[in-house]
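Coordinate analysis (summary)
These are the residues of each chain, in order.
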Amino acid sequence: MMKSADTAFLTVGQNELQAMAYTDPLTGLGNRNRMRDKVLQISSERASDPAPFTIGIANLDSFKPINDLFGSAAGDEILCQVAHRLRACIPDGALVTRHDGDEFAFVLPLIFERASAEKFGQMIREILSAPYDLGDRNVRLSASLGFAIYPFAGEDCEELLKSAETALYRSKRRGRGQITVYSREIAQEMKRATQLEQALRNAIISDAIDVHFQPIVSLSNNQVVGFEALARWNDPDLGFVSPGVFVPLAEERGFIDALSEALLRKAAEAALSWPRELFLSFNLSSAQLMDPGTSSSVLSILGRVGFDPHRLELEITETAVMSSADTAHRIIADLRAAGVRISLDDFGTGQSSLGRLRDFIFDKIKIDRAFVSRINSDRASEHIIKAILTMCDGLELEVVAEGIEDYAEAVKLRMLGCGMGQGYHFGRPADGIATLRFLHENYYDPAMAERVSA
């Protein structure tokens, strides 16, 4: 027979194994198994009268870069501090668990509807936004949250978790520190977003994203001096998809590099057919300005195509520069050293404009159409443009006014001393063939005339 001491030992061992199966080893919180049991317990208790309850998921924004920068030990310390804060603030009867990586979850038996879930989310967001002490430094993080309410968003733990993850995905798409409560409308929105993402991935793989070109002209004589390359996507099923939709999606999902490289290659190949004095303007994304390999990638593409770097201008925004200033500074310096010119796009609408002009070396400023469109109707916009032009003259920077829609705007900008302009008044974006035709009709170059007629 088994002795009582042996039986007690086995019981203790089984209890320890049980605890391990239900506990996150890093933070001491419950894990997914603990959450599943809690949801099952509540739904069983309320089977005869299924009163709502809520589960939520909190995900730390930009935790991976912090973990990469300071090391996994610092990352683990932050996760333990997060667990301590959450354990201290959840209401009686509720449960907080840690799932994968930087994701934490809640079971909230006494939260029955959307407004209460959002209020709880705001409290959690505030608590998690306080600085984290890493000994020799403090770091700050934000958190995005998604909630699902039983039984409307699901009748078991897996359904509820899936709905909460859908809500969290929407929060992450909207930016940092967002809160979303699941609904059928949100589920449809996220389904469409997933379909769009998959279609975009396929379009990039099949090289189906086109590049169009919009003329940039000298305002003194309306002569074309270059073209800006603009991405265009016409999907067989989705129809025309705005670049304002698919370019941010490519940045968010991590395939902006593949998209940008394909577009730059196509644009440079098309520009080889233009007169050599015309430049090609191309947009760099904020993600590319955080990637140290961007300069070598750009120059490699130009080398393979045979396009002179001195004919390329890269447009960047103030916000993109601020995302990772040191890396952006090195990328800009490397590209300018190879002969590529750099334009600061959407000037006046981002952050720390004057500071960026002092800290970085640019060749050109592009005045945002928000000012240009009101130059003849709003004195403040006119004076802002005057000030920009005066400043750029002193800094020896070229200036392009964007979004010129009519003759009156073009005349006013020319009178103020603006050198170049771009907008529908001078030409809409067009594909490569139409651009060659435009040049044939509006720009005399004997060599090009021979190519077009051939």
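To be clear, the structure that these remarks concern was listed above.
This one's a predicted model, so the numbers in the text were calculated from it and none came from an experiment.

A word on the pattern of salt bridges. Scanning the model with the defined rule gives 23 salt bridges in all. A salt bridge links K266 to D207, with the nearest nitrogen and oxygen atoms 3.5 Å apart. Pair noted here: K266 is in helix α9 (residues 256–271) and D207 is in the loop between α7 (184–205) and β8 (210–218), with a separation of 59 residues, a long-range link. Residue classification places K266 among the buried residues on the basis of a relative accessible area of 18%. Owing to a relative accessible area of 32%, D207 belongs among the partly exposed residues under this scheme. Note that R336 is salt-bridged to D363, the shortest N-O span being 2.8 Å.

A separate point is the pairing of strand β2 (residues 95–98). The side-chain alternation of β2 yields two buried faces, one formed by L95 and T97 and the other by V96 and R98. As defined by bridge partners, β2 adjoins strand β3 (residues 103–108) across four bridges and the pair is classed as antiparallel. Bridged to R98 within β3 is F104. The antiparallel hairpin formed by β2 and β3 contains four residues in its connecting segment, where G101 sits at a positive phi of about 55°.

This paragraph deals with the nonpolar core. If you look at the biggest cluster of nonpolar residues, it comprises 73 residues, and the most contacted ones within it are I209 and L312. Broken down by element, the residue count for this core peaks at seven residues, all from α9. Ignoring sequence-local partners within four residues, the contact set of L312 consists of L264, L280, F282, V298, L302, F307, V340 and R341. Ranked by size, the runner-up nonpolar core spans 33 residues in total, among them I78, A94, L128 and L145.

Applying the stated criterion across every chain, the model contains seven aromatic pairs. Plain terms: the ring middles of F120 and F147 are 6.2 Å apart, the flat faces sit at 80° to each other, and that makes the pair edge-to-face. Note that F120 is positioned in helix α5 (residues 114–128) and F147 in strand β6 (residues 143–150), a separation of 27 residues in sequence. What makes F147 buried here is its relative accessible area of 0%. Here F227 and F438 contribute two aromatic rings whose centre-to-centre distance is 6.2 Å and whose plane-to-plane angle is 80°, an arrangement assigned as edge-to-face. Of this pair, F227 sits in strand β9 (residues 224–235) while F438 sits in helix α17 (residues 432–442), and the two are 211 residues apart along the sequence.

Here we take up the sheet that holds strand β1 (residues 53–60). Overall, mixed pairing links the five strands, which are arranged β2-β3-β1-β6-β7 in an open sheet. The sheet is open, and its two borders are formed by β2 and β7 (179–181), each paired with just one other strand. Averaged over all neighbouring strand pairs, the angle between strand axes comes to 15°, with direction disregarded. Here β1 runs beside β6; their pairing, made up of eight bridges, is antiparallel.

In terms of burial, strand β12 (residues 312–317) is largely enclosed, as five of its six residues are buried. Pairing geometry for strand β11 (residues 279–283) and β12, over four bridges, is parallel. Of the residues in β12, the one forming a bridge with S281 is E313. With helix α10 (residues 294–305) bridging β11 and the parallel β12, this β-α-β connection has right-handed handedness. Relative to strand β13 (residues 341–347), β12 is paired through five bridges, and the arrangement is parallel. By the bridge assignment, T317 is partnered in β13 with D345.

Calculation rules
Residues numbered from 1 in each chain as written. Predicted model: local features only at pLDDT ≥ 70, side-chain atom pairs only at ≥ 80, totals over all residues. Heavy atoms only, no water. Salt bridge = Lys/Arg side-chain N within 4 Å of Asp/Glu carboxyl O. Helix = DSSP H or I, 4+ residues; strand = E, 2+ residues; numbered from the N terminus. Buried < 20%, exposed > 50% of the residue type's maximum accessible area, 1.4 Å probe, protein only. Pairing = 2+ DSSP bridges. Core = buried A, V, L, I, M, F, W, Y, C linked by side-chain atoms within 4.5 Å. Contact = heavy atoms within 4.5 Å. Phe/Tyr/Trp six-rings, centres within 6.5 Å; stacked < 30°, edge-to-face > 60°. Axes fitted to C-alpha atoms, helices over the stretch in contact; angles between N-to-C directions. Right-handed = clockwise from strand over helix to strand, strands pointing away.

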